[in-house]
Amino acid sequence: MSTEDRHARLAASLAEIRTRIAGACEAVGRSRQEVTLVAVTKTFPAVDVLALARLGVRDIGENRDQEAAAKAAAVAEKQVEVRWHFVGRLQTNKCKSVARYADVVHSVDRISLVEPLARAVAAHRDHPLHVFAQVSLDQDPSRGGAATSELERIATAITAHSELRLLGVMAVPPLDVDPDSAYRRLVEIASALREKFPEAAALSAGMSGDFESAIRHGATHLRIGSALLGGRPPLG
Ligand SMILES: *Cc1c(COP(=O)(O)O)cnc(C)c1O
């Protein structure tokens, strides 16, 4: 596909998604301003990030450190500024790298990540890193996320570090569950946490197949990949 064709295709799917986001917000009386579209560009090249940035998408999501770091460097080289959101499973030994380019980490799902992340922020950047605590809605470890009973301890650890700012709660809905019921559960969990951590007001929820449901349930950060960029090859 030529660069022009790719750009036109991204523009068309972006327009459609923006219309659907606006419609879902309007349907429940929410302001469109409350909702950030994070374009998840994993497996797609840096030129797609540049094209999206030209179309006004400034929040970019990635799930693997190596790929994200290379893409962030390629985009910075073109003097294009975007905010990088790390949404994937985070390994302790990647904290240092992620802290260099990420503006937001959506996937803090265990206490053992907090100290290494805070230390990496202190060493490698001059402003705090925004983080979501990721909760599991089905206790399936392969999808990431802390048990609900762990969430408060993770939030306590995060808020004890001035290098980190707790934004809220993130979840990936279980595959074979109705998204409305998954997100209802998520809202209960997030509301309970917010009673103790009022700053944790954001909700990272909603992917290509379910973002309208997520908006109905109060999502503030949609992580949308395939609906915007097209199908990805299956994970090897
Ligand atoms: C890939 C990914 C997404 C985007 O998924 P789509 O279904 O392609 O929209 C969202 N969140 C996380 C954590 C991901 O890894």
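Examining the packing of helix α2 (residues 46-54) against helix α3 (residues 65-77)
Next, step 1: One way to put it is that α2 packs onto α3 with a least axis distance of 9 Å and a crossing angle of 50 degrees. Relative to α3, α2 is oriented oblique. Judged by the twist between their axes, the crossing of α2 over α3 is right-handed. Here α2 contributes A46, V49 and L50 to the contact with α3, which in turn contributes K71, A74 and V75.

What to know about the site of the ligand
Next, step 1: The full set of residues close to the ligand is V40, K42, V87, V172, M207, S208, R223, I224, G225, S226 and R232.
Next, step 2: In this structure, an oxygen atom belonging to the ligand sits 2.5 Å away from a side-chain N or O atom of S208.
Next, step 3: Within the contact set of the ligand, an oxygen atom lies 2.7 Å away from a side-chain nitrogen or oxygen of R232.
Next, step 4: In this structure, the ligand is accommodated by the largest pocket.
Next, step 5: Looking at the shell around the ligand residue by residue, the classes come out as five nonpolar, three polar and three charged.

What about the packing of helix α6 (residues 148-159) against helix α7 (residues 179-196)?
Next, step 1: Where α6 meets α7, the axes come as close as 11 Å, and the angle between the chain directions of the two elements is 35 degrees. In this structure, the crossing between α6 and α7 has a hand that is right-handed. Only R185, I189, L193 and K196 of α7 make contact with α6, whose side of the interface consists of T148, L151, E152 and A155.
Next, step 2: By residue class, the composition of the contact of α6 with α7 is four nonpolar, one polar and three charged.

Topic: the layout of surface pockets
Gaps between atoms show up when a probe of the same size as a water molecule is rolled over them.
Next, step 1: In this model, the largest pocket occupies a volume close to 870 Å³.
Next, step 2: Considering the residues around the largest pocket, the lining is formed by 33 residues, among which K42, N63, V87, V172 and M207 are closest to the centre.
Next, step 3: Counted by class, the lining of the largest pocket contains 13 nonpolar, 11 polar and nine charged residues.
Next, step 4: Per element, the largest residue contribution to the lining of the second largest pocket is three residues, and it comes from α3.

Quick look at the side chain of K71
Next, step 1: Take K71: it is sitting in helix α3.
Next, step 2: On the accessibility criterion, K71 (6% relative accessible area) is buried.
Next, step 3: Every residue in contact with K71, bar those within four places of it in the chain, is listed here: T41, K42, T43, F44, P45, A46, V49, E62 and W84.

What about the pattern of salt bridges?
Next, step 1: On inspection of all chains with the given rule, the structure shows 13 salt bridges.
Next, step 2: Two residues, E16 and R20, come together in a salt bridge whose shortest N-O distance is 3.9 Å. Separated by four residues within a single helix, E16 and R20 lie in helix α1 (residues 3-27), roughly one turn from each other.
Next, step 3: Here D180 and R216 are joined by a salt bridge, their closest N and O atoms 3.3 Å apart. You can see D180 sitting in helix α7 and its partner R216 sitting in helix α8 (residues 211-216), a full 36 residues away along the chain.
Next, step 4: Residue D180 is classed as partly exposed on the basis of its relative accessible area, which comes to 21%.
Next, step 5: Among the charged side chains, a network of salt bridges with common partners joins E16, R20 and E212.

Description of the environment of R30
Next, step 1: Along the polypeptide, R30 turns up in the loop between α1 and β1 (36-40).
Next, step 2: For R30, a relative accessible area of 14% translates into the label buried.
Next, step 3: When the C-alpha positions of R30 and T3 are compared, they lie 36 Å apart, and in sequence the two are 27 residues distant.
Next, step 4: For R30, the residues in contact, after removing those within four places along its chain, are C25, V35, I215, G218, A219 and T220.

Calculation rules
- Residues numbered from 1 in each chain as written.
- Predicted model: local features only at pLDDT ≥ 70, side-chain atom pairs only at ≥ 80, totals over all residues.
- Heavy atoms only, no water.
- Axes fitted to C-alpha atoms, helices over the stretch in contact; angles between N-to-C directions.
- Helix = DSSP H or I, 4+ residues; strand = E, 2+ residues; numbered from the N terminus.
- Parallel < 35°, antiparallel > 145°, perpendicular 65-115°, else oblique.
- Left-handed = near helix turned anticlockwise from the far one by under 90°.
- Contact = heavy atoms within 4.5 Å.
- Near = heavy atom within 4 Å.
- Polar contact = N/O pair within 3.5 Å; in protein donor to acceptor, adjacent residues only side chain to side chain.
- 1 Å grid on protein atoms, 1.4 Å probe; cavity = no way out; pocket = protein on both sides within 12 Å on 5 of 7 lines; lining within 4 Å.
- Sits in = over half its atoms within 2 Å of the grid points.
- Nonpolar A, V, L, I, M, F, W, Y, C, P; charged D, E, K, R; others polar.
- Points joined across faces, edges and corners; volume = space filled by probe spheres on them.
- Buried < 20%, exposed > 50% of the residue type's maximum accessible area, 1.4 Å probe, protein only.
- Salt bridge = Lys/Arg side-chain N within 4 Å of Asp/Glu carboxyl O.

Coordinates in, geometry out; function isn't part of it.
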